[in-house]
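Here is how the chains run, residue by residue.
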Amino acid sequence: MGIWDKLKGEFIDIIEWTDSTTDTMVYRFERHGNEIKYGAQLTVRESQVAVFVDEGQFADVFQPGMYTLETSNLPLLSTLKGWKYGFNSPFKSEVYFVNTKRFNDQKWGTMNPIMMRDADFGMVRVRAFGTYALRVKDAKLFMQEVVGTNWQFTTEEITNQIRNYIVSGFAEAIAQAQMPVLDLYSQYTDMGESLTKLMSPKIEALGLELVDLLIENVSVPPEVEQAIDTRSKMGAVGSLDNYMKYQAADAMVKGAENPGGMGGIGAQMAAGMMMGQQMGTMMTPPPAASPSAPPPPGGAGAPPPPAPAGPQVHLAVNGQQYGPYSMEQVSQYVKEGRIQPDSSLWMAGMASWQPASTIDGIKEFFGENPPPPPAPPLG
């Protein structure tokens, strides 16, 4: 190697950077003590910005294009170097390439649950996660506030801070919205746009731009999800009685899927007993008449008959209340012996239960009792 080749190797005449990664935001051009040659070629590709730094001070910034480094396109560096009349000798300067492309699919999520007050469930803990995209908006500001003298800066070094900003903003957004947790699922797009606007000033203060923030999921604890599922099932079946029948049938199906296990046998037995009780209740006929006045139809355990027209009479037998019955029904029960003169009855307007034989309109059903026979004559 000749002397000229040795001297030529000490100068840099081509400055460029081709990014072979997907997460590098800033890269310092490898100079290793070599000087930049006067008239060197600088190539700045699309989605790049080249920043010259001289002894820790920011100088010229070059947008995408190809440049021949001369005094005319290095005005700030010329001022820092003190070149009043131009220069034609090599110089030393750090060159940083800043990647201005969009960095997509950055993850964010709550590390700890966020407490919120909900109209349906009271205090509830929610978690959320999603994605966002960011890019460098102001290269010099980004390097001043974040990068510093780092020779290679990746997204991994800033995403944790951005995530903390987003989570904080999300907690503030749901507090301001005062929206039930069940309604959050239908507002992901609007909430993402609102959150982007809320976070933009903080992100731009770092020289970055936040774009396309998406909320992918807002979740509640498993026990709340189970309560939501149960409420949905109850709403689907319509009534508690139907829900119990549904539960019994579901237990029978699950037991049939595991017929050899004790859990399956127990579930089938429990479901069978429950359904047997329900069927027994529906199929039990009314008690027969007896001299001891057993409860008439419509007693405990049976569905009450339709409310009769006119005066309504209630019957008490062995601490159980039956009725109401119309006067026609009471008359029939008296004839059948189900209501005795000493049976306790009550109607609207009465202060307490009274024997049937003392109530006007009912005592007549028992007929006129003859007076006691006269006493036999003396002597």
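The following refers to the structure shown.

Scoring rules and cut-offs
- Residues numbered from 1 in each chain as written.
- Predicted model: local features only at pLDDT ≥ 70, side-chain atom pairs only at ≥ 80, totals over all residues.
- Heavy atoms only, no water.
- Buried < 20%, exposed > 50% of the residue type's maximum accessible area, 1.4 Å probe, protein only.
- Helix = DSSP H or I, 4+ residues; strand = E, 2+ residues; numbered from the N terminus.
- Arc of directions from axis to C-beta.
- Polar contact = N/O pair within 3.5 Å; in protein donor to acceptor, adjacent residues only side chain to side chain.
- Pairing = 2+ DSSP bridges.
- Core = buried A, V, L, I, M, F, W, Y, C linked by side-chain atoms within 4.5 Å.
- Contact = heavy atoms within 4.5 Å.
- Axes fitted to C-alpha atoms, helices over the stretch in contact; angles between N-to-C directions.
- Phe/Tyr/Trp six-rings, centres within 6.5 Å; stacked < 30°, edge-to-face > 60°.
- Parallel < 35°, antiparallel > 145°, perpendicular 65-115°, else oblique.
- Left-handed = near helix turned anticlockwise from the far one by under 90°.
- Nonpolar A, V, L, I, M, F, W, Y, C, P; charged D, E, K, R; others polar.

**Notes on helix α3 (residues 139-147)**
No. 1: Taken residue by residue, α3 has Ala139, Phe142, Met143 and Val147 as its buried positions. Summarising the axial view, the buried residues of α3 lie within an arc of 95°, below the 170-degree limit, and thus occupy one face.
No. 2: At the N-terminal boundary of α3, the capping side chain belongs to aspartate 138, with an oxygen 3.3 Å from the backbone nitrogen of lysine 140.
No. 3: One or two residues past the end of α3 sits glycine 148, with phi positive at roughly 70°.

**Things to note about the pairing of strand β9 (residues 114-118)**
No. 1: Residues Ile114, Met116 and Asp118 line the buried face of β9, whereas the alternating positions Met115 and Arg117 sit on a face that is not buried.
No. 2: With five bridges connecting them, β9 and strand β10 (residues 122-136) associate as antiparallel partners. Paired with arginine 117 across the two strands is methionine 123, which belongs to β10.
No. 3: With antiparallel pairing between neighbouring strands as the criterion, β9 and β10 make up a hairpin whose turn holds three residues.

**So, the nonpolar core**
No. 1: Ranked by size, the top nonpolar core spans 44 residues in total, and within it Met25, Trp108, Val126, Phe170 and Leu208 carry the most contacts.
No. 2: When residues of this core are assigned to their parent elements, the largest contribution, six residues, is made by β10.
No. 3: Those residues in contact with methionine 25, other than ones at most four positions away along the chain, are Phe97, Val98, Asn99, Phe103, Leu134, Val136, Phe142, Phe153, Thr154, Thr155, Ile158 and Leu208.
No. 4: Ile15, Ala50, Trp83 and Phe97 belong to the second largest nonpolar core, which has 21 residues in total.

**Remarks on the pairing of β10**
No. 1: Pairing between strand β8 (residues 103-109) and β10: five bridges, direction antiparallel. Looking across to β10, one finds that glutamine 106 is bridged to tyrosine 132.
No. 2: As defined by bridge partners, β10 adjoins strand β12 (residues 208-219) across nine bridges and the pair is classed as antiparallel. Residue pairing in the sheet places leucine 134 in a bridge with leucine 210 of β12.

**Considering the environment of tyrosine 165**
No. 1: Inspection of the secondary structure assignment puts tyrosine 165 in helix α4 (residues 159-177).
No. 2: For tyrosine 165, a relative accessible area of 22% puts it in the partly exposed group.
No. 3: Separated by 34 residues in the primary sequence, tyrosine 165 and methionine 199 place their C-alpha atoms 7.0 Å from one another.
No. 4: Excluding its chain neighbours within four sequence positions, the residues that come into contact with tyrosine 165 are Met199, Lys202, Ile203 and Leu206.

**With respect to the sheet that holds strand β6 (residues 65-68)**
Each strand in a sheet pairs with another by means of backbone hydrogen bonds, the pair being arranged parallel or else antiparallel.
No. 1: Read across the sheet, three strands follow the order β1-β3-β6 without closing on themselves; strand pairing throughout is mixed. For this open sheet the edge positions go to β1 (11-15) and β6, each flanked by a neighbour on one side alone. Sheet twist, expressed as the average angle between the axes of neighbouring strands with direction ignored, equals 15°.
No. 2: One ladder, built from four bridges, connects β1 with strand β3 (residues 35-44); its direction is parallel. Within the sheet, the bridge partner assigned to isoleucine 15 lies in β3 and is leucine 42.

**Remarks on the environment of lysine 37**
No. 1: Residue placement: lysine 37 occurs in strand β3.
No. 2: Overall, lysine 37 belongs to the partly exposed group, its relative accessible area being 38%.
No. 3: For the pair lysine 37 and proline 90, spaced 53 residues apart in sequence, the C-alpha separation works out to 4.5 Å.
No. 4: The contacts of lysine 37, once residues within four sequence positions are left out, are Phe11, Ile12, Asp13 and Pro90.

**A few points about the packing of aromatic side chains**
No. 1: Applying the stated criterion across every chain, the model contains eight aromatic pairs.
No. 2: Measuring from ring centre to ring centre gives 5.2 Å for tryptophan 17 and tyrosine 27, while their planes differ by 10°; the resulting arrangement is stacked. Taken together, the residues span a long stretch of sequence, with tryptophan 17 in the loop between β1 and β2 (24-28) and tyrosine 27 in strand β2 at a distance of ten residues.
No. 3: Look at phenylalanine 62 and tyrosine 67: their rings are 4.9 Å apart centre to centre, the planes differ by 65°, and that puts the pair in the edge-to-face class.
No. 4: Judged by relative accessible area, which is 22%, tyrosine 67 ranks as partly exposed.
No. 5: Members of the aromatic cluster, connected to one another through ring pairs, are Trp17, Tyr27, Phe97 and Trp151.

**Digging into the packing of α4 against helix α6 (residues 188-204)**
No. 1: Direction vectors running N to C along α4 and α6 enclose 130°, while the axes themselves pass 9 Å from each other. For the element pair α4 / α6, the angle class is oblique. The element α4 and its partner α6 pack so that their crossing is right-handed. Contacts from Ile162, Tyr165, Ile166, Gly169, Phe170, Glu172 and Ile174 in α4 reach Met191, Leu195, Leu198, Met199, Lys202 and Ile203 in α6.
No. 2: Residues that form the contact of α4 with α6 fall into these classes: ten nonpolar, one polar and two charged.

Read these as spatial facts, not as claims about activity.
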